[in-house]
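What follows is each chain in one-letter form.
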Amino acid sequence: MGRILDENLIYEVLSVVDEIPEGKVATYGQIARLIGREKNARLVGRVLSMAEFYGRYPCHRVVNHAGRLAPGWKEQRELLEAEDIPMKNTMYVNLKMCLWDE
DNA sequence: TCGGTGACCACTG
DNA sequence: GCAGTGGCCACCG
């Protein structure tokens, strides 16, 4: 069958993203670890890029390991600021202040 | 079948 | 902090 991505992977990633509390952010690697695919953070990003097709999830609360926002997604910064997430500048969040500890 | 690319990360120096 | 290297998986030409 025309498998675009592993359905199970999509489900696991999105259910973890759904657990990120408001005012916190998570990293791709962190999510990868939580679903048992520690070395596969890249696929997490891939899933999130298509997350809108699978429902409404707070994928704006996911940034890379340096705190940088997703390239080519303008909306993300405004969504984060709406939750009072501290920013270092327009492209980076302050991970020290708002990293989801789990 | 291969090489390049990508919302990435860990390790080493 | 930065640069280099290697690893992972899916997609495209």
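For the structure itself, consult the block above.
In short, a report on the structure. None of these values were measured; they are calculated from a predicted model.

## Focus: the protein's contact with DNA strand B
Then comes step 1: In the neighbourhood of DNA strand B, 15 residues make up the surrounding shell, with Y28, R42, L48, S49 and H65 lying closest.
Then comes step 2: In DNA strand B, atoms within 4 Å of the protein come 43% from sugar and phosphate.
Then comes step 3: Separating a phosphate oxygen of DNA strand B from a side-chain N or O atom of R33 is a distance of 3.5 Å.
Then comes step 4: Between L48 and DNA strand B, the recorded distance is 2.8 Å, taken from a backbone N or O atom to a base nitrogen.
Then comes step 5: If one sorts the elements of the surface near DNA strand B by residue count, helix α3 (residues 41-49) sits on top with five residues.
Then comes step 6: Split by residue class, the surface near DNA strand B holds six nonpolar, six polar and three charged.

## Considerations on the environment of N64
Then comes step 1: Within the secondary structure, N64 is located in the loop between β2 (62-63) and α4 (75-81).
Then comes step 2: Counting along the chain gives 46 residues from N64 to D18, while the straight-line C-alpha distance between them is 17 Å.
Then comes step 3: Non-local contacts of N64, meaning those with residues more than four positions away in its chain, are made with T27, Y28 and L95.
Then comes step 4: Side-chain polar atoms of N64 contact the backbone nitrogen of A66, separated by 2.9 Å.

Scoring rules and cut-offs
Residues numbered from 1 in each chain as written. Chains lettered and ligands numbered in written order. Predicted model: local features only at pLDDT ≥ 70, side-chain atom pairs only at ≥ 80, totals over all residues. Heavy atoms only, no water. Near = heavy atom within 4 Å. Polar contact = N/O pair within 3.5 Å; in protein donor to acceptor, adjacent residues only side chain to side chain. Helix = DSSP H or I, 4+ residues; strand = E, 2+ residues; numbered from the N terminus. Nonpolar A, V, L, I, M, F, W, Y, C, P; charged D, E, K, R; others polar. Contact = heavy atoms within 4.5 Å.

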